[in-house]
Amino acid sequence: MSGTDSLASLCHKTLNQSINHPYHPLEEIQQSSMLTMPNTFIYHYLHHIAKSSLSIFVFHLWLFFRLWCNSDWFQQELTLPQLPEMTFADNLLQIKHERGFGIEFNCLDALHLVDTKNDIMKVAVAEVWQNTRAECEYVKEVIKPFDWTFTTAYKGTLISTDSSLQVSETTERIDIEKLKVREKIMFFEDIHLFEDELADNGCAQCSVKIRVMQGSFFLLLRFFLRVDNILVRINDTRVYHEESKNYLLREYVSRESRISDLKVPSSLLTDPGELWTHLPIISSCYEKLEFPIC
């Protein structure tokens, strides 16, 4: 079977699985465009019914599957006393190799990593908390202690098959300067997983962005937290793959600072894209996700 045929089969298989999914009652899917380029095959399916949309993009041997739809079906799956104000339950981005393995980013797994038993913010900044948030009605209303900032160290969900990705530590790093070189972007998505304004005491948001170029793709999953007058935190997961390599690089970096320790304009406190370089690194993890050569 040729690469084109196997990818097409994978597209149709993914579509059929989505159509039959009880939470995604897709009734009609249109192939809106198909573009063939040297070593690059693009299938782009779009569907718009009842707040649901489906998009599939194929790059070399990789399938990018993006589904977005609002639903609260998975509340029973979580033990959180409450969900973020804006929970995009069915939003997901799936990156799958033609051989079946890959990595997925979804709201449910991101929220599964939120601490359901401890109010870690009260511990992290106990003294400041007592002085500035002792009368916070939002916190008083929390019956069961939990991390109401919804902090998550989510790095994605691996998709396993007989030919699974092998995860190991690495000294190799993603070349950020190389990513700054202007290239034609063939596919781009910005997907929100959840967001909460912490009852006007700041914000907590988690989203994933991906861009696909002609010879590589780059993904950024970012959790951004700002508790007004107290603390800012950014947990970033970056994934990068070059078409000629048999592995993906995954980097997780957690940055955090008390706001009183930052010497930046106040406007940066609402702009994680600019703020992250000013925050000290608290923890990090650098991994290589290898797959067998065909």
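Given the structure is predicted, the values throughout are model-derived calculations rather than measurements.

Trainee: Give a detailed account of the sheet that holds strand β11 (residues 202–212), specifying residues and quantitative values.
Mentor: Pairing in this open sheet of 8 strands is antiparallel, and the strands run β5-β10-β11-β12-β13-β14-β15-β9 from one edge to the other. A single partner strand is all that each edge strand has here, and the edge strands are β5 (86–87) and β9 (166–169). The pairing of strand β10 (residues 187–196) with β11 spans 9 bridges and is antiparallel. From the neighbouring strand, D190 faces β11, where its bridge partner is K209.

Trainee: Any details on the pattern of salt bridges? Residues and values, ideally.
Mentor: Counted by the stated rule, this structure contains 10 salt bridges. As a salt-bridge pair, E256 and R233 come within 2.8 Å of each other at their nearest N and O atoms. You can see E256 sitting in strand β14 (residues 247–258) and its partner R233 sitting in strand β13 (residues 231–242), a full 23 residues away along the chain. Overall, the relative accessible area of 7% leaves R233 in the buried class. Residues R238 and D236 are paired through a salt bridge, measuring 3.4 Å at the closest nitrogen-oxygen approach. For the pair formed by R238 and D236, the shared burial category is buried. Because the salt bridges share partners, they merge into one network encompassing K155, R250 and E287.

Trainee: So what's going on with the side chain of T149? Which residues, and what values?
Mentor: Tracing the backbone through its elements, the reader meets T149 in the loop between α5 (137–140) and β8 (157–159). According to the relative accessible area criterion, T149 is buried, its value standing at 0%. Separated by 2.5 Å, the side chains of T149 and D147 make a polar contact. Separated by 2.9 Å, the side chains of T149 and T151 make a polar contact.

Trainee: For the nonpolar core, give the residues involved together with the corresponding values.
Mentor: Residues F105, L111, L193, F194, L219 and L221 are the most contacted members of the largest nonpolar core, which totals 39 residues. Those elements that place two or more of their residues in this core are β6 (92–97), β7 (102–106), α2 (107–112), β10, β11, β12 (216–227) and β13.

Trainee: How would you summarise the state of the cysteines if you had to cite specific residues and measurements?
Mentor: In this structure the tally under the stated criterion is 0 disulfides. No disulfide involves C206; its sulfur sits 7.7 Å from that of C107, the nearest cysteine.

Conventions we followed
- Residues numbered from 1 in each chain as written.
- Predicted model: local features only at pLDDT ≥ 70, side-chain atom pairs only at ≥ 80, totals over all residues.
- Heavy atoms only, no water.
- Pairing = 2+ DSSP bridges.
- Helix = DSSP H or I, 4+ residues; strand = E, 2+ residues; numbered from the N terminus.
- Salt bridge = Lys/Arg side-chain N within 4 Å of Asp/Glu carboxyl O.
- Buried < 20%, exposed > 50% of the residue type's maximum accessible area, 1.4 Å probe, protein only.
- Polar contact = N/O pair within 3.5 Å; in protein donor to acceptor, adjacent residues only side chain to side chain.
- Core = buried A, V, L, I, M, F, W, Y, C linked by side-chain atoms within 4.5 Å.
- Disulfide = S-S within 2.5 Å.

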